[in-house]
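# Geometric and topological summary
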Amino acid sequence: AQDLVELVDIALRAYYEQPADMISLSPLIRKAADTGMAAVSKAVDMVIHRVLAKRSLEELQQMARDTGSMLCSSQDEPPRHYICFPLPAHLYERSQQMIARVHTDTDVDGYREDIIGSLEDLIEEAIQVFYVAPISKVEVGRITRAAADMGITTVKKGSSIVLHKVFKTMPHAKLIPLADYFQTLLHEGLMPYPVAGR
């Protein structure tokens with residue numbers, strides 16, 4: 001459980017802290033966003049510990065195989081390693097269109113809601129991959145499942161609040177470095193990392 005929490009912390013640094021540090025948010029917005037992400041982090045921590053408690057060895061092995069299937073490596077020398085999952089084609093294409101639009105269209109108010117919606121859809125896809133699919137494969141008690149689902153609802157709401165706070169007034173100039181950064185998080189040509197038992 002602690003290893004998974006550490007991986008989530010790495011993900012939050014990559015998807016929130018690093019991009020937030022790249023742009024000068026007002027202290028008020030940054031504080032509100034940090035508070036929202038702290039709630040997200042706590043909710044994920046609770047979900048991980050609730051779901052993993054009392055899992056049988058067989059269930060843990062299944063979860064390990066599922067997690068192992070998300071480990072990938074680049075073809076660089078030396079290779080870089082990632083936790084990743086395939087995006088549906090429509091989400092990948094939408095992401096590429098949003099990134100391209102940031103580089104070509106300075107009227108950000110014309111597509112600001114599209115950016116927020118695209119990021120919310122990517123978060124929803126991650127929740128499906130990292131939570132909904134794995135939990136559907138194990139026997140979880142009703143109370144534990146209800147608590148975990150509530151935690152995931154907190155994750156979704158908290159993430160959405162942060163997106164709206166950060167992007168609702170962001171000028172076009174600040175979007176350009178963010179678009180470049182988020183492009184680095186979308187990968188093609190990754191290879192499965194060799195995991196024992198896979």
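The coordinates are above.
The shown structure was predicted, so the numbers you read here are calculated from the model rather than taken from an experiment. (Residues numbered from 1 in each chain as written. Predicted model: local features only at pLDDT ≥ 70, side-chain atom pairs only at ≥ 80, totals over all residues. Heavy atoms only, no water.)

## Some points on the packing of aromatic side chains
Heads up, the rule is: Paired rings are identified among Phe, Tyr and Trp, the last through its six-membered ring, by centres lying within 6.5 Å, and are further divided according to the angle between planes into stacked (under 30 degrees), edge-to-face (over 60) and tilted (the rest). Relative accessibility thresholds used throughout: buried, under 20% of the residue-type maximum; exposed, over 50%; partly exposed, between the two (1.4 Å probe, protein chains only).
For the structure on display, the rule yields 2 aromatic pairs. Relative to Phe182, the ring of Tyr181 lies with its centre 5.7 Å away and its plane at 70°, an arrangement referred to as edge-to-face. For Tyr181, a relative accessible area of 13% puts it in the buried group.

## Some words on the environment of Ser56
Note the following rule: Only DSSP runs of H or I reaching four residues or more are called helices, and only runs of E reaching two or more are called strands; each is numbered from the N terminus.
Counting through the fold element by element, Ser56 comes out in the loop between helix H2 (27-52) and helix H3 (57-68). With relative accessibility at 33%, the residue Ser56 sits in the partly exposed group. A C-alpha to C-alpha distance of 9.3 Å links Ser56 and Val138, two positions 82 residues apart in sequence.

## Description of the environment of Arg50
Formally: Throughout, a contact is declared for two residues whenever any of their heavy atoms are within 4.5 Å.
By secondary structure assignment, the location of Arg50 is in helix H2. Separated by 94 residues in the primary sequence, Arg50 and Thr144 have C-alpha atoms spaced 6.3 Å apart. In contact with Arg50, not counting residues within four places along its chain, are Ile143, Thr144 and Ala147.

## Digging into the packing of H2 against helix H6 (residues 142-167)
To keep it simple, the criterion reads: Simply put, an axis is a line fit to the C-alpha atoms, just over the touching stretch for a helix, and the angle between two N-to-C directions goes from 0 to 180 degrees. Oblique is the label for any angle not covered by the other classes, which are roughly parallel (under 35 degrees), roughly antiparallel (over 145) and roughly perpendicular (65 to 115). Two helices that cross are described as forming a left-handed crossing if the nearer one is turned anticlockwise from the farther one by less than a right angle, and a right-handed crossing if clockwise. All amino acids are sorted into three groups, where Ala, Val, Leu, Ile, Met, Phe, Trp, Tyr, Cys and Pro are nonpolar, Asp, Glu, Lys and Arg are charged, and the leftover types, Gly among them, are polar.
As a packed pair, H2 and H6 sit with axes 8 Å apart at the nearest point and diverge in direction by 160°. By the angle between their axes, H2 is roughly antiparallel relative to H6. In this structure, H2 meets H6 at a crossing whose hand is left-handed. Per-class residue counts for the contact of H2 with H6 are 18 nonpolar, 6 polar and 2 charged.

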